[in-house]
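# Examining the three-dimensional arrangement
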Amino acid sequence: MNRDVDDRLLWPVEWLGSTQGDLRDLPAAVQDFFGYALYLAQTGDKHFSTKPLKRFSGAGVLEVVHQQDKSAYRAVYTVRFTEAVYVLHVFQKKSKSGIATPAEEMRVVEARLKEALRRHQEQKEHP
């Protein structure tokens, strides 16, 4: 997945919806953890806690999972498009149904992935 870039040529991050504010609302240690994971994505690398999001197999949608103080936090992004790393969703997992991502959170990811696709198509049409 390496994008053949160096530290001076990072892929930009595009924050969709409320993702940037949502990240800022999380504890500082979680912000740092997700920030480093997104930095690695910008360089074409992948953080050790990053895995493909199951319902989006093959679509380049990745999930970073972090546990802190008995709470689970998730950041979801896509590297599917060539112009940027799109941050699709950042949230604290509140479901009691195991490790699965709750349906309402998946709907947010789906809607924002559509928005990322729309932005990607606009970029191609109007570079």
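We now turn to the structure provided with this report. Keep in mind that this is a model prediction, so the values were computed, not measured.

## As for the overall build of the protein chain
When helices and strands are tallied, the protein chain shows three helices and five strands. Its helices and strands taken in sequence order, the protein chain reads β-α-α-β-β-β-β-α from the N to the C terminus. Out of the 127 residues in the protein chain, the part that is buried amounts to 45%. Carbon and sulfur atoms make up 50% of the accessible area of the protein chain, which amounts to about 7400 Å² in all.

## Remarks on the layout of surface pockets
Looking at the largest pocket, its volume works out to about 170 Å³. Around the largest pocket sit K51, P52, L53, K54, R55, E63, R74, I99, A100, T101 and M106, which together line it. Looking at the lining of the largest pocket residue by residue, the class counts come to five nonpolar, one polar and five charged.

## As for the pairing of strand β3 (residues 61-68)
Of all eight residues that make up β3, six are buried, and the element is covered over most of its length. Taken together, the three bridges between strand β2 (residues 50-52) and β3 define a ladder with antiparallel strand orientation. Considered in β3, the bridge of K51 is made with E63. In this structure, β3 lies alongside strand β4 (residues 71-78), joined through eight bridges in antiparallel fashion. Across the sheet, the residue bridging to Q68 is S71, located in β4. Between the end of β3 and the start of β4, which pair antiparallel, lie two residues, with D69 showing a positive phi angle near 50°.

About the criteria used
- Residues numbered from 1 in each chain as written.
- Predicted model: local features only at pLDDT ≥ 70, side-chain atom pairs only at ≥ 80, totals over all residues.
- Heavy atoms only, no water.
- Helix = DSSP H or I, 4+ residues; strand = E, 2+ residues; numbered from the N terminus.
- Buried < 20%, exposed > 50% of the residue type's maximum accessible area, 1.4 Å probe, protein only.
- Areas by Shrake-Rupley, 256 points an atom, 1.4 Å probe, with all protein chains shown as cover.
- 1 Å grid on protein atoms, 1.4 Å probe; cavity = no way out; pocket = protein on both sides within 12 Å on 5 of 7 lines; lining within 4 Å.
- Points joined across faces, edges and corners; volume = space filled by probe spheres on them.
- Nonpolar A, V, L, I, M, F, W, Y, C, P; charged D, E, K, R; others polar.
- Pairing = 2+ DSSP bridges.

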